[in-house]
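Structural overview
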Amino acid sequence: MRGFSGSRGQPLSFFLSTLCLVAFITYVAWRNSRRYTLKDIRGPTSHSFWLGSTRSFQSSEKVHRNAKQVGDLEFQWAREYGPTWMVKGCLGEEVLWTADPRALQYVFHTSGYRFSKRTAAIETTRVFTGESILTADSVDHQRHRKIMNPAFGAAQLRTFLPVFRRSAARLSQKWKDTIQSGEKSDGCTMKVDETLSRMTLDIIGEVAFDYRFGVLSDNGVDNEFVQAFNNLFVDTLLYPSSWFIIFQSSWRFFPGPVLRYLKYLPYREYRRFAAYLQAAMQTGRTIINEKAADTEQGNKDIISILVQSNLVEDARAQLSEREILSQIATLLVAGHDTTASSLTWLLYELSKHPEDQQRIRDEIKAARANVEARGDSDLLPSDFNNMDFTNAVIKEGLRLHPIVPTLVREADSDDVIPLSQPIETKSGKIINEIPISKGQGITASICTYNRLRSVWGEDADEWNPNRFLGDGREKSSLGVFANLMTFSAGLRACIGWRFAVLEMQAVLVELVENFEYRFPEGVEIIRLNAGLMVPMVEGKMHEGVQMPLQVSVIA
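Here we summarise the structure given alongside this text. Per chain, the residues get numbers from 1 upward, laid out in the order the sequence is written. A pLDDT threshold of at least 70 governs which residues receive local features in this predicted model, and a stricter bar of 80 or more applies before side-chain atom pairs are shown or counted, although totals over entire chains, interfaces and linings include all residues. In computing side-chain properties, one takes all heavy atoms of the structure into account and sets aside hydrogens as well as water.

As for the pairing of strand β6 (residues 415–424)
Between any two strands, pairing holds if DSSP finds at least two bridges. Helix and strand assignments follow DSSP, with helices taken as H or I runs no shorter than four residues and strands as E runs no shorter than two, numbered in order from the N terminus. Examined bridge by bridge, β6 and strand β7 (residues 430–436) share six bridges and lie antiparallel to one another. The partner of Ile 423 across the bridge, within β7, is Ile 431. If you look at the hairpin formed by β6 and β7, you'll find five residues sitting between the two strands, and Gly 428 has a positive phi there, around 95°.

As structure tokens, this is what we get:
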């Protein structure tokens, strides 16, 4: 079993095998007691009781054979069965997959706290974020969100814009220096994802903690935290072994306290996540200790506002020290790699559509004329929001490349899932709702919903920012931004989505105003799921995540 070594591997393998056997017996008893089943819902054939259809799109051996890119199989199944289907998971579990707008609205909006995150998702997240808002149950989640909300209000976000602009300008200058030092002074091919990730880490350090990581200027590369974070998700989640998938699927049958010890297992994934969490906690303690004397002096970074908000709460509702440190670990992940990845995919699409780059530049030129006319020195949030086409490009990038392609939930009680698009069952019935039992697993296919033709039109698989311009472009209201599920939806939607959008606006404007992007010939980029949707070069998978683009300076 990958990740084990020496004599400890065999006893541990036997122990885990015994646990899985106990879980299997428990599962059989649980399945036989369920009121409803999904056996009449159509879906792909299961090739294995142990792995089900799961191995078709999660096992590394099957990636190129069955699904070259993340989402390929889901898109195929949606075309064949409609936007809701059943997939056999590990140990024969029936999992309901859906991209149906009404079903998603019901699960995430209408009944958000009645559909909990699945155990495997919670416990995996807990290993690298601790007791954070991402792992909190319904009651604790409300407590966490109430305390964190003031740090993400519109007024607060406006104070972050100068940091976004300065950081983007530093990245712009770094790219110019790189280009001018190369063989061709007007342009070169560079891996844009690397420096984008460094820039967003510097940004989250400054606006969230008033802390300078300094990684963009290369003076923070030896920082313990930076080392712990590098390639975190690729090293842990990209290619799970079959054994790990089966073991993880058994977690829902174990008591919560038992699963808290996952981080102590000598398995590579857990060691890597635990090392990151430890480094993030140490960084968090350093930050809080340095800021303790300044907290009451009106600091405007996110963690200072969070601490201030926490102090005014009733003692019973306050976040503990560990919970606050866990929010720091969460912000470093959620506010860093996600935005960098989204910007990477945006530049990828723009590199293939130079005409859209020029339309953005035209908007920037007009916006700067307005800034000059009113006597301001730089663009304001309202200026970014008024750049209709630029914002349409951002929305289209988030639509085609959702950073988290799926979300998983579990019904806390018997329920009925409504459908906006009826489906045909195996027995030939046409149904517009699906009764489910308590414990039913549900996978929301975000990447499939974001490409539904019934929502986005016949060209849903194609790049077309114009779909977000003009009247009647949004046929339903789902999610928190532009009818997209990219930031999730409802009660558990991403608390920092406005932060992310403003950051992308500021950075994209800087980078498109100063550079032109072309996609290099002979390169094929594929989308892979490593917890986040990451780009790799076909034929160079061993080189890891990368997005090489031809970048040239605009005179």
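Things to note about the environment of Glu 290
With respect to the element layout, Glu 290 can be found in helix α14 (residues 268–291). Between the alpha carbons of Glu 290 and Tyr 211 there is a distance of 9.7 Å; along the sequence they are 79 residues apart.

Considering unusual backbone geometry
Backbone phi values are negative for most residues with the exception of glycine, while trans is the configuration of most peptide bonds. Phi angles above zero are rare outside glycine, and Asp 210 is one such case at about 55°. Its location among the elements puts Asp 210 in the loop between α9 (192–209) and α10 (224–229). Positioned with a positive phi, Asn 231 is a non-glycine residue whose angle comes to about 55°. Tracing the chain through its elements places Asn 231 in the loop between α10 and α11 (232–237).

Some thoughts on the packing of aromatic side chains
The criterion for an aromatic pair is that two Phe, Tyr or Trp rings (for Trp, the six-membered ring) have centres within 6.5 Å, with stacked assigned to planes under 30 degrees apart, edge-to-face to planes over 60 apart and tilted to the rest. Overall, the coordinates contain 22 aromatic pairs when judged by the stated rule. Judged by centre distance (5.7 Å) and plane angle (65°), the ring pair of Phe 160 and Phe 499 falls under edge-to-face. With a gap of 339 residues between them, Phe 160 in helix α8 (residues 154–180) and Phe 499 in helix α23 (residues 497–514) connect regions that are remote in the sequence. Here Phe 160 and Phe 499 have matching classes, each one buried. Where Phe 233 meets Phe 273, the ring centres are 6.3 Å apart and the plane angle is 65°; that geometry is what we call edge-to-face. Taken together, the residues Phe 233 in helix α11 and Phe 273 in helix α14 connect sequence positions 40 residues apart. Here Phe 233 matches Phe 273 in class, with each residue buried. A connected cluster of aromatic rings, assembled from ring pairs, spans Phe 244, Phe 247, Trp 251 and Tyr 270. Seen from the ring of Phe 389, Arg 359 lies directly overhead, with NZ or CZ sitting 3.7 Å from the centre. Relative accessibility under 20% of the residue-type maximum defines a buried residue, over 50% an exposed one, and the middle range a partly exposed one, all with a 1.4 Å probe and only protein chains included. A positively charged side chain is recorded as over a ring if its NZ (Lys) or CZ (Arg) lies within 6 Å of the ring centre. The angle to the ring normal must also be within 35 degrees.

Considering the pattern of salt bridges
For side chains bearing opposite charge, pairing can occur when the charged atoms are close. We count a salt bridge whenever a side-chain nitrogen from Lys or Arg sits within 4 Å of a carboxyl oxygen from Asp or Glu. Counted under the stated rule, the structure contains 28 salt bridges. Asp 378 is the partner of Arg 165 in a salt bridge, and the nearest nitrogen-oxygen pair spans 3.3 Å. Highlighted residues: Arg 165 in helix α8 and Asp 378 in the loop between α18 (354–374) and α19 (381–385), separated in sequence by 213 residues. Assessed through its relative accessible area of 9%, Arg 165 is described here as buried. Since its relative accessible area comes to 26%, Asp 378 is described here as partly exposed.

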